[in-house]
Each structure stands twice: as structure tokens, then as C-alpha cells.
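Architecture and fold: a report
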Amino acid sequence: MKKINVWDIQTRIFHWSLVIFVLSTVVTADILSFFGIDLVNKDSWLAFHIGTGVAVAILLLFRIFWGFSGPHYSRFSSLHLSLAELFSYIKAVIKNEKTNYTGHNPAASWSALGIITLGLLAALTGVIVFGIDEGRGISRFLYLGFYVYADQLKLLHLALSYLLLGVVIGHVCGVLNETIRHKTGIIPAMFTGTKLSDETDKPIHTATPVRLISYLWIISPLAAILFLPSSLETKQPVKLSIPQIYLKECGSCHMAFPPNLLPAESWKNMMSSLNDHFGDDASINDTAKKEIEVFLVTYAAETSHEEASIKLLRSIKNENPPARITEIPYWKEKHKPINLEIYQRSSIKSRINCVACHKLAEYGSFEDNDIRIPKKI
Ligand code: HEC
Ligand code: HEC
């Protein structure tokens, strides 16, 4: 046996970046939620999760490219994919017999294919969920038409990610088996690139353009992680023009609520019973009433692309249109963590003073980045 070159530098960078990026993606998404830390619902961490997820996809696409154009041991043609070989490998593992593979053994070959396929599918569903659920990223055009599938897609994304994690864990067990029982030195080989083998050294001959592309490709995930989150900053709300008459008549006792927080039916009901408006008499003359109702109905929740509108509407379970924004399940769910005393602060006064905590509430936008709870008691 002699030392030969097995893993080229690109494959090694690929391997360890993939470890780092897959772990960061899964940890920020779901693992921490077991400890009560929910990062995915925070916009900045969600951007991080998307960034590392995209990096995983870029790396896996690189691996496919490299599987066709890299040196011998990195090529798909050098994988051992026959089922007979896989079974005899598993038999050898059970009998604790040492096997003799220089590149990927049958189990590692199947793990590699599994990781590439599941990883790419997880990334793809992730990008789709990001578009459908958040209205962001390259698939945001799906936001309106497909939001009813958001929950199923999220589940699919989660299932694929856990399957991926399962294959990774299986792969790590295989590596530990080789390392502890047979001392084959495959972990150091992934750092140094060399291994003891009976095979003859295969020349690493890739053409210069291919080599150049491979280097650029393999370092691009780092660039993605640096630049992507900032390009995913919260989208700016479309500032609708609010009629003066609405501000005057409906903004005197409380803030003039943006129309996209209630369905059209709710606004119609409210406008037809202003004389008994939550115990107050808020009646106004007919012309003003008509103008305001047209405004409210035209921009009601059903017509809005804002995340808040879509999620409020989705959470309304019964047939009856809600009388208040604050009785809608999504609103209640989101504000559950807020103590009642907080609403009593003089800088807030009431839970219906949305604009005290949501900077852009007037325009119907409630993005995480714009939430500040005023401190003053
Ligand atoms: C005379 C004062 C007054 C006027 C004028 C008034 N409101 Fe109200 N409004 C109230 C009160 C009081 C409540 C209940 C507040 C509470 O529960 O804290 C309320 C509640 C609401 C709510 C429900 C908020 C929630 O809890 O989700 C909406 C929506 C609303 N008003 C819309 C309007 C519209 C639209 C107009 C104009 C046509 C209007 N209001 C004019 C006093 C007024
Ligand atoms: C005391 C401050 C406060 C007031 C008043 C308040 N909110 Fe909020 N709101 C918050 C906080 C904090 C969150 C974020 C909760 C979380 O961590 O998910 C939130 C979350 C939301 C969200 C979800 C945003 C998202 O994408 O996660 C919506 C929609 C929302 N509020 C609407 C309203 C409306 C409408 C009103 C007025 C009727 C209102 N809020 C009043 C503090 C407030």
C-alpha cells in the first residue's frame, strides 16, 4: 500500500462547506425551536436561513457539475451503486470485516446521491415556501394564487430536510464504523486528500477553464451568505393614499385603521351600524359614510398583498365576518406574548393603538423589522 491522491481540493472544500451550511440551515430553522428559540419567525434570522439554504443548493449543484467533470474519484462514474455491492458491504459491516475501497464505498455512494437529491429538493421547496408564505424571493409571484398550499409545502420542506438529516446521520455512522473499527483514516483523508491504497495514483487532469469555474463556484456560497441577507430586506409597503374624510371621521377616537386588516363584509357591517359602534355613537352623514365605505371595501383584506392581510384572512375559521381586528385568531396568536400592562403604558394606551408599536401600521404593513414596543411607562 502507498499514499495516493484521492480527494481533490474542490471536493474537500465542497464537503466541509456543505457540513457547515447544512448544519447552520437546519439549526436556525428547527433544531433551536426544540429549546424554545424560534428564529425562523424573526425576519433577520429567516434571511440567514434562506442564505445558508441557497448556499447548500449552490454547493450541491457544484457537486453535480464536478461529478461529471472532476477528477476520477469525484466522478459519479466512480461511485459503487450496484445493489449487490451495497448488500455485500452491509454484510461485511455486520460481520465486522474490513472492506477495501479507495474512493466512495457503496454506502457512501448511496449517501452522496441521497444527500444531493434530498438537499436540492429541500432547497427548492424552501424557496417556494419563502415565496408563498412570505411573498419574498424569486418565487414571490406564487404568493397570491398558491397560499392555500403554504402549510402542506412547509410540511414537505420539513420532511425533506429531516430525511436529509437522517441520511447525513447514517453517513456519519458509516464513517465512525470505518474509523473506529477499521482505522481506515477516512476522516484525515477528507482534510489532506491522500489515502493509503493499493490502487495506482490517478492523475488529476481537469482542463484550465473547468478548474477556474470550479474554484469560483465553490467559493460563491460564501459570497452568497455575505450578500444575500441584505438583498432580502423587508419589502417596502405600497403607501396607499388615505382620504382626508376617513382620517377625520375615523381617526378621531382611535387611529384610522388600514382597510386591509378586515374583510369587506366586516367593514360593510361596521359602516351600517355606526350608531352603536362598540358602545359609542360614531354616526356620520350619508355622503361621508358612502365615501369611507367605498375606500374600506376597495382596499379590504381580500384585495391586499400584505402578509398581515393574508395571514389574518387565513386564520378566520368561522363563516361570520369578524367585528374586530383584535378578535381574529392570527392577531390574538401574535400578541399573546404581550403583557396587558404593556398596553397601559401612556405611550401606547390601548391594544388597538397599533401604530404605537408598528411604525407603518397606518399603511397596513406589519413587518417584524418595523416593530418597536415603546418603553415609556
Ligand atoms: C366616537 C369615537 C369613535 C369613532 C368616531 C370611531 N370609532 Fe371605531 N372604535 C371606537 C371604540 C370606543 C372602539 C372600541 C375600542 C376598544 O375596544 O378598545 C372602536 C373600535 C373600532 C374597531 C375595532 C378595533 C379592534 O379592536 O380590532 C374598528 C375596526 C373601528 N373602530 C373602526 C372605525 C371606523 C371605520 C370608524 C369611522 C367610520 C370609526 N371606528 C370611528 C370609537 C370610535
Ligand atoms: C404593544 C405593542 C403592540 C401593539 C399595540 C400592537 N402590536 Fe402587533 N405586534 C407586536 C409585537 C411585539 C409583534 C411580534 C410578535 C412576535 O414576536 O411574533 C406583533 C405582531 C403583529 C403582527 C404579525 C407581524 C409578523 O409578521 O409577525 C401583526 C399583523 C400585527 N402585530 C398587527 C397589529 C394590529 C393590527 C394592531 C392594532 C389593532 C397591533 N398589532 C397592535 C406589538 C404590538
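Predicted model only: the values in this text are computed from it and were never measured.

Rules used in this analysis
Residues numbered from 1 in each chain as written. Chains lettered and ligands numbered in written order. Predicted model: local features only at pLDDT ≥ 70, side-chain atom pairs only at ≥ 80, totals over all residues. Heavy atoms only, no water. Near = heavy atom within 4 Å. Polar contact = N/O pair within 3.5 Å; in protein donor to acceptor, adjacent residues only side chain to side chain. Helix = DSSP H or I, 4+ residues; strand = E, 2+ residues; numbered from the N terminus. Nonpolar A, V, L, I, M, F, W, Y, C, P; charged D, E, K, R; others polar. Donors = N, O, S within 2.8 Å, 3.2 Å for Na, K, Ca; no water. Tetrahedral: all angles 85-135°; square planar, octahedral: opposite > 155°, others 65-115°. Buried < 20%, exposed > 50% of the residue type's maximum accessible area, 1.4 Å probe, protein only. Domains from an automatic or database assignment. Phe/Tyr/Trp six-rings, centres within 6.5 Å; stacked < 30°, edge-to-face > 60°. Lys NZ or Arg CZ within 6 Å of the ring centre and 35° of its normal. Lys, Arg positive; Asp, Glu negative; His and termini not counted. Salt bridge = Lys/Arg side-chain N within 4 Å of Asp/Glu carboxyl O. Contact = heavy atoms within 4.5 Å.

On to the site of ligand 2. If you check the shell around ligand 2, you find 21 residues, and the closest are Trp-331, His-335, Cys-354, Cys-357 and His-358. Within the side chain of Lys-334, a nitrogen or oxygen atom sits 3.4 Å from an oxygen atom of ligand 2. Within the side chain of His-358, a nitrogen or oxygen atom sits 2.8 Å from a nitrogen atom of ligand 2. Listing elements by their share of the shell around ligand 2, those giving two or more residues are helix H12 (329–335) and helix H13 (340–344). Top contributing element to the shell around ligand 2 by residue count: H12, with four residues. Here the shell around ligand 2 is composed, by residue class, of 14 nonpolar, four polar and three charged.

Time to look at the coordination of the iron atom of ligand 1. Taken together, the protein ligands of the iron atom of ligand 1 are His-254 (NE2) and His-277 (NE2), with distances of 1.9 to 2.0 Å. Given six donor atoms and angles of 88 to 179° at the metal, the environment of the iron atom of ligand 1 is assigned as octahedral. Of the two residues, His-254 is situated in the loop between helix H8 (244–250) and helix H9 (264–271) and His-277 in the loop between H9 and helix H10 (286–298); the sequence distance between them amounts to 23 residues. The class of His-254 is partly exposed, set by a relative accessible area of 25%.

Before going further, it helps to spend a moment on the domain arrangement of the chain. Taken domain by domain, the chain holds domain 1 (2–231) and domain 2 (244–370). The distance between the C-alpha centroids of domain 1 and domain 2 comes to 47 Å.

Here we come to the site of ligand 1. Close contacts around ligand 1 come from 20 residues, with Cys-250, Cys-253, His-254, His-277 and Arg-324 the closest. Between ligand 1 and the protein, one listed contact pairs a nitrogen atom with a side-chain N or O atom of His-277 at 2.8 Å. Within the side chain of Thr-326, an N or O atom sits 2.6 Å from an oxygen atom of ligand 1. A total of three residues in the shell around ligand 1 trace back to one element, the largest contributor, which is H9.

The tally for this structure, following the rule as stated, stands at eleven aromatic pairs. When the centroid spacing of 5.3 Å and the interplanar angle of 85° are considered together, the rings of Phe-68 and Phe-76 count as edge-to-face. Measuring from centroid to centroid gives 5.2 Å for Tyr-246 and Phe-295, while their planes differ by 55°, and the two rings are tilted. Of this pair, Tyr-246 sits in helix H8 while Phe-295 sits in helix H10, and the two are 49 residues apart along the sequence. In this structure an aromatic cluster arises from ring pairing among Phe-14, Phe-62, Phe-65, Trp-66 and Trp-217. Over the ring of Phe-14 we find Arg-63; its NZ or CZ atom is 5.8 Å from the centre of that ring.

To continue, consider the side chain of Glu-178. Checked against the element boundaries, Glu-178 lands in helix H5 (residues 150–182). One buried charged residue, Glu-178, remains without a salt bridge, the closest side chain of opposite sign being Lys-195 at 7.1 Å. A polar atom in the side chain of Glu-178 sits 3.1 Å from the side chain of Thr-184. Not counting residues up to four positions away in its chain, the partners in contact with Glu-178 are Tyr-89, Thr-99, Asn-105, Lys-183, Thr-184 and Ile-186.

The subject of this paragraph is the coordination of the iron atom of ligand 2. Summarising the metal site, the iron atom of ligand 2 is bound by the protein donors His-335 (NE2) and His-358 (NE2), whose distances to it range over 1.9 to 2.0 Å. Coordination at the iron atom of ligand 2 comes from six donor atoms whose angles at the metal span 89 to 179°, giving a geometry best classed as octahedral. Here His-335, found in helix H12, pairs with His-358, found in the segment after H13; they are 23 residues apart in sequence, far enough to count as distant. In terms of burial, His-335 and His-358 fall into one category: buried.

Here we take up unusual backbone geometry. Phi angles above zero are rare outside glycine, and Lys-183 is one such case at about 45°. On the secondary structure map, Lys-183 appears in the loop between H5 and helix H6 (186–192). Unlike most non-glycine residues, Phe-278 shows phi in positive territory, near 50°. Structurally, Phe-278 is set in the loop between H9 and H10.

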